[in-house]
Amino acid sequence: MIKRNRLLNRPPKSLEERYFSEIRPQIYKNHAHHHQYGVRKGTTLAEHLDSACQFILTVSRIAGVSEDKRPLLLAATAVHDLNKLDTEGRNVKTLARNKDFLTEQLEKACVLTFVVTEDDFELVRKLIERHSGHNISDAARFLPEDPDIERWAAMLTAADLFDLGIPDEKRFRKLETELTVAFGRSCNLFRLRLTEDKGYITALLLGACEEVLHKHGLNSLAIFPDGALFEGEALPKVNLTKEIAGVWQGKIDRVFGNNIERLVRPTKDGIKIAHPAIQQNIEEVLINVEALLEKKKAGYKSDKIAKDVTKWGDAAGADAINKVTELGLIPASDADEFAVSEGLKAAYLSYRKVGLSPKEVWDKIARHTGISEQQRIALEPFNGQYGRPLFATKAAIKGIEGIKEALKESFQLRKESTQTSEEIEVSEELITEVNRMVNLPFAIRLNGVNDLNAYIEANPRQRCSLGSTSTEIDELISANMPPGTKVQAFSNRLPGGINAEPKRQADSIAALAYQLMAVGANFPSVKKQDPIYLHLALPKGSAPDLLRIWRELLQQIAAKNAEGGTVTVDEIQLYQDNKLEFKANKVVGAALPKRPEFLHTTVIIPIVWGEANASLALLKSLRLGLEISLSLDIGFPFTLSSNLEVELFDDVYGRVEGIPAALQPLLGSGQYQQSEDAEKILERLRCIGKLAISVASIQKADDCLYDLARACARPIELYYILLRWILREQDEPNLNAIWNRICEPLNILLNNLMPNENSLLTKYLKEAAQIAAEAKIWGSSFKRTAQTEPFTAFIAAIRTQKSHLDLEMIFAALIQQYHTRLDRIREHGVGATKLEQVKRYYDVLRKLYEEVYSARPEKFLSDRKTLEAAYLFFLEEARKQLKSQSQDDSDENTTNT
């Protein structure tokens, strides 16, 4: 089992924080590989104990258990399955009354400090013995005892039942029965479920649901990746959909409070103003519009405007041009007039959002800007959006001030068109979306057939390609999207269309979800790189306090960048010591959420790696994601994807989308069923990270890591990649010292990739290296070329093999030649013993050539560099073993003496 990181390093301030930082990690260390059976099949004992402990913490707080008793309930829960902790098969009652065994298990679980007095031990014993329907079987039932014990035992029983692998309906009935006793009142459970997850906007919706349900007497009991579990004395009888939608809208509005400039955007069709902007601050919107008009004025180009005037004038006809000319309506001819025309266009677009006709829109614009009735009629033949603003600039005598008045009226009309009541200003679309996204028991059920028909019958050019086809469909532009968002993920490109980037159509809620991500994450100042999205979900059944701790942790990490940008991991510490240490970075790293309310059941973390290629970015993102996901004190299921939207988390622990074929031998299928599968991948990534930092400089470690990752397709090639990087970084490397650094991670990696590997190739190479080490069969120095000299002589003999010579002749000549070579370079020469050793050495290599490569020179020579590198490292390992054996023998002789 690999050593997992811990993310919670601060001193715990509460019992919940102490559980997650101290007790939970110990539970997983002790029982993470203890699998269960029966109705709990598919889960480990650690997962069951963790679920029960989190549940007891939540329930005991809701029930108002005193702070001196809650630690005892937690201690009893942490070891309540004593029979599963015993190796001798004894039952719970026997083990609970064995104080030595109970003390030992409490100590292993790090909860013994809670159990101080004899009364504490007695209370823990009673709770353990009575859980899960165990009866009171001793004389204590006839003695007076604390009346709360029955309530506390019911809490522990409910905690034990909470993750039972039976249908929810049956499990909830059992829980309600126990919790009715625990709370001393009736208890009803309600599971809130999501139909889809759209990121930050979904988190805000869940926060709104939670806020409203708490107001109506429900308590959060547990959190799931797809929703939450609430309990209350009675479920609300009234329809809370509208109230939830109102709270949701308020949360969305607060996010955009300081980001109105993102909702007032210049486009080639004019300045467009999104609805959330006018819900926020109309004066701020007008300031932004005026600023954009100043930019338009500064960017005025007479030749471009002249082309537009010609285009829209020709479209209206010569008679229309003559009429407006007679009235003095000369088209825009300078920067100030161009700014006025753009302002008129912005007012037109805003009015049109209400559903007014072009004639009705221009009647209102004329009234506010001073255009006379005669002039307005003369402008009728011109295009309402593009032509009239150009030719009406002279008529709009009130200028920018008149345009601002028109915009104010349009904003008011837009607000009134979506206002549902005097108390709550919330759009019908938000109410519909609440009904669509969550399963509120009091909500009106939606007809999916109607939604399907709406999509089918929509104009293909306006059909929604992101989200559901509901009411208002809008086009998305890059400025309102998270950096690097792929068009192809939601493109509605039609066959035979133009080659330009396709229009991205989205309903207002889906567009708003993307805008929330764009303004809500701490993206780097440079936004050209495509991010990879790390989706993390709270494990099913998590305590609400885990969400609070998780939010505080991410806010703490994000604060490391005081300027509000990305935070990146210290790669030296990560690669060398497997430690997560975050630091600020302006260009690369994780764009953590700016607000804690963007986290609920899940969190989306965009990760940007600069100019790194897609495969390297995937490797680095997965390493970071696994370190966070598999941390002992957090431990979240995850999905890694280039898409912002992914499917809701299912029973798969981890999922990686888009693994290239070259990395599949290293990363597997990308579907990790349980944490043990993810641990295996993390171990591989840790090993190649340590190897990379051992043979390459930190500046080139990523390139080396990528080469090693690709070499895992054929693990024997790892030796060649390592040697190539060693020689690239050092002219005369100390191979012995380097081998001491890389042998451990390399062997771990090879055992992980090939746990049952026993190929003839490595067997014969290692055997030849062992003979060479024992007989000192190498050249005249400790340089690399001298060490591999006998092996390169073998390669040279195969390369120059003549067709008329058989292998017997080739190897006989090779043995004789190399023996002569050793006799010449050794000070005292060599004799028959050395000849026999050389013969054994080349006999092994001959077996390798014949049995592995079928005596085919072209096949063998294609692997010569890989074989030479592997042989060199095997020789270093054989020397290391001989040296260690010699030291052991020396120590033994000294001891005997």
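Our subject is the structure listed above.
A brief structural summary. As the structure is a computational prediction, the values presented were derived from the model and not from experiment.

**A few points about empty space enclosed by the protein**
Right, on to step 1. Applying the stated criterion to the full structure yields 8 cavities of 30 Å³ or more.
Right, on to step 2. Approximately 90 Å³ is the volume found for the largest cavity.
Right, on to step 3. Leu554, Phe582, Leu592, Ile605 and Ile628 are the residues nearest the centre of the largest cavity, which is lined by 14 residues in total.
Right, on to step 4. At the level of elements, helix 25 (544–558), strand 12 (602–608) and helix 27 (614–629) are the ones that each hand at least two residues to the lining of the largest cavity.
Right, on to step 5. No other element matches helix 25, which puts 4 residues into the lining of the largest cavity.
Right, on to step 6. Across the lining of the largest cavity, the residue classes tally to 14 nonpolar, no polar and no charged.

**Side note on the pairing of strand 4 (residues 264–267)**
Right, on to step 1. Bridging between strand 4 and strand 5 (residues 270–273) involves 4 bridges; their strand directions are antiparallel. By the bridge assignment for strand 5, Thr267 is matched with Gly270.

**Brief notes about helix 15 (residues 302–316)**
Right, on to step 1. Over its 15 residues, helix 15 extends 21 Å from the first C-alpha to the last, a length consistent with the 21 Å expected when each residue adds 1.5 Å.
Right, on to step 2. Buried within helix 15 we find Ile305, Val309, Trp312, Gly313 and Ala316. On an axial view of helix 15, the arc spanned by its buried residues comes to 105°, and they lie on one face. Facing away from the buried side of helix 15 by over 90 degrees, the exposed positions are Asp303, Lys307, Lys311, Asp314 and Ala315.
Right, on to step 3. Where the residues of helix 15 are buried, they touch helix 16 (318–326), helix 17 (335–352) and helix 20 (387–391).

**As for the sheet that holds strand 1 (residues 188–193)**
Right, on to step 1. Strand order in this open sheet of 3 strands is 1-3-2, and the pairing throughout is antiparallel. Edge positions in the sheet fall to strand 1 and strand 2 (219–224), since each has one partner strand and no second. If you compare each strand with its neighbour and ignore which way they point, the axes differ by 20° on average.
Right, on to step 2. As paired elements, strand 1 and strand 3 (residues 227–232) share 6 bridges and run antiparallel to each other. Counted as the bridge partner of Phe190 is Phe230 from strand 3.

**A closer look at the side chain of Arg4**
Right, on to step 1. Within the secondary structure, Arg4 is located in the segment before helix 1 (15–31).
Right, on to step 2. Classification of Arg4 by relative accessible area gives buried; the value is 11%.
Right, on to step 3. For Arg4, the side chain forms a polar contact with the main-chain oxygen of Leu630, separated by 3.4 Å.
Right, on to step 4. Among the polar contacts listed, one links the side chain of Arg4 to the side chain of Glu679, at a separation of 2.5 Å.
Right, on to step 5. Among all residues touching Arg4, those that are not within four sequence positions of it are Leu630, Ser631, Leu632, Ser675, Glu679 and Arg686.

Conventions we followed
- Residues numbered from 1 in each chain as written.
- Predicted model: local features only at pLDDT ≥ 70, side-chain atom pairs only at ≥ 80, totals over all residues.
- Heavy atoms only, no water.
- 1 Å grid on protein atoms, 1.4 Å probe; cavity = no way out; pocket = protein on both sides within 12 Å on 5 of 7 lines; lining within 4 Å.
- Points joined across faces, edges and corners; volume = space filled by probe spheres on them.
- Helix = DSSP H or I, 4+ residues; strand = E, 2+ residues; numbered from the N terminus.
- Nonpolar A, V, L, I, M, F, W, Y, C, P; charged D, E, K, R; others polar.
- Pairing = 2+ DSSP bridges.
- Expected span 1.5 Å × (residues − 1).
- Buried < 20%, exposed > 50% of the residue type's maximum accessible area, 1.4 Å probe, protein only.
- Arc of directions from axis to C-beta.
- Contact = heavy atoms within 4.5 Å.
- Axes fitted to C-alpha atoms, helices over the stretch in contact; angles between N-to-C directions.
- Polar contact = N/O pair within 3.5 Å; in protein donor to acceptor, adjacent residues only side chain to side chain.

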